[in-house]
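Here is what each chain is made of, one letter per residue.
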2 protein chains.
Amino acid sequence: MTDDAEQNARHDGKMKKIKAARDKMMAQKIDKKGLIIVHTGKGKGKSSSAFGMAMRCVGHDMKVGVVQFIKGGWETGEAKLLKKFPDLCEFHAMGAGFTWETQNRAKDIELAREAWNKALEMMRDPSFAMVILDEINIVLRYDFLPLDDVLSALADKLPDQHVVLTGRNAPDTLIEAADLVTEMTMIKHPFREQGIKAQIGVEF
Amino acid sequence: MTDDAEQNARHDGKMKKIKAARDKMMAQKIDKKGLIIVHTGKGKGKSSSAFGMAMRCVGHDMKVGVVQFIKGGWETGEAKLLKKFPDLCEFHAMGAGFTWETQNRAKDIELAREAWNKALEMMRDPSFAMVILDEINIVLRYDFLPLDDVLSALADKLPDQHVVLTGRNAPDTLIEAADLVTEMTMIKHPFREQGIKAQIGVEF
């Protein structure tokens, strides 16, 4: 055999073994469970990947509910797109702007409570396959909403519904309650390193 | 003042200072640059957040190109949804299944080359605001595609176009070349810890 053919044969044999091990493992797995999913950390991608999942659901004709707890000053692309599917997505951009923009804690608390009530409504409705609580961790961090209210609602969650919670600084007790937790770690960011502002299509 | 009113006043004063510092910083930032974006790490959300960005672009009427270098055995929700916007998204699910499914290195190399040629075509076309090279890091890791070809194409990238590369084990030289790098770190995963299979809407 030539070197190349040998390398290919070695690779194919190795992959055969990996597949056998994987097939055995997969036979022991279960199929379905509504998950509590947390995206936290300082890196990019917490909300983006939640909206990527929303898009997957809509693509599969599964209904999604979204509550944005912290609304930015711009109209986001994800809101614009999901609004094109009113039967499959209920989208609520609630809350005021970034916490440093509002400078009004009393108002922030009031808006957080309104947003949470909307979230609860969707979490109790089995027609929603997924409910996304975008940036709720920020609201929890500033005590705009009692953590215990959120934890007990998650404990009583509908068994088949996925609930996704995003935002940096997820509380430890929330991480304990979750099934799937990813920390987005910032390795490089052009905002910090190159002085580039948030850009359309990338951040909003 | 009551305790609550005091706490609110303290919070609002603090936010006022944060806003002043932020406004000063933002005045020094620049507005626009096509970014090289890398999502890597073992955690969830690498492809989801790339597709979240694709959705943002489509929402803003910006054109997106997608090449999937590793195609799974299912039809993904993101493919289904993005195909509803043929004027704004060109979607190519290329490559075979997972590397352990194909067990045919020669074929994997051939498909990687075809996928890369499609990617290059879109990267040379300024009508694309964003090009997503999904799971290209896997292809690079197995040497199905020469890393130098990818690095030199990125060095000659169109200045306004964003290019997003996903997949675990991003090569160090790719990370050096990138503007924005996020590592998705797995904290908890129900596949490992609870034996739950990949679920519709969450993983595909």
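In case you missed it, the structure is sitting above this.
These remarks concern the structure in this document. Worth saying up front: this structure is predicted, and the values here are computed from it rather than measured.

A closer look at the relation of the copies chain B and chain A
For the pair chain B and chain A, the superposition axis carries a translation of 0.0 Å, the fit reaches an RMSD of 0.0 Å, and the rotation angle comes to 180°. Taken together, the rotation angle and the small translation identify this as a two-fold axis. Counting the interface residues of chain B, we find that 100% of their copies in chain A are interface residues as well, pointing to one common contact surface.

Comments concerning the pattern of salt bridges
Summed over the entire model, instances satisfying the criterion amount to twelve salt bridges over all chains. R56 of chain B is the partner of E78 of chain A in a salt bridge, and the nearest nitrogen-oxygen pair spans 2.6 Å. With one member in each of two chains, E78 of chain A in helix α3 (residues 77-82) and R56 of chain B in helix α2 (residues 46-59) form a pair that bridges those chains. Judged by its relative accessible area of 3%, R56 of chain B falls in the buried class. When the shortest N-O distance is used, the salt bridge between E121 of chain B and K118 of chain B registers 3.2 Å. With E121 of chain B and K118 of chain B both in helix α5 (residues 105-123), this residue pair falls three residues apart, about one helical turn.

Considering the packing of aromatic side chains
Residues and elements named next belong to chain B. For the structure on display, the rule yields five aromatic pairs over all chains. Centre to centre, the rings of Y142 and F144 are 5.6 Å apart; their planes meet at 20°, and the pair counts as stacked. Above the ring of F128, the side-chain terminus of K63 is found at 4.3 Å from the ring centroid.

Basis of the calculations
- Residues numbered from 1 in each chain as written.
- Chains lettered and ligands numbered in written order.
- Predicted model: local features only at pLDDT ≥ 70, side-chain atom pairs only at ≥ 80, totals over all residues.
- Heavy atoms only, no water.
- Least-squares fit on C-alpha atoms with pLDDT ≥ 70 in both.
- Contact = heavy atoms within 4.5 Å.
- Salt bridge = Lys/Arg side-chain N within 4 Å of Asp/Glu carboxyl O.
- Helix = DSSP H or I, 4+ residues; strand = E, 2+ residues; numbered from the N terminus.
- Buried < 20%, exposed > 50% of the residue type's maximum accessible area, 1.4 Å probe, protein only.
- Phe/Tyr/Trp six-rings, centres within 6.5 Å; stacked < 30°, edge-to-face > 60°.
- Lys NZ or Arg CZ within 6 Å of the ring centre and 35° of its normal.

Purely geometric stuff here, so don't read any function into it on its own.
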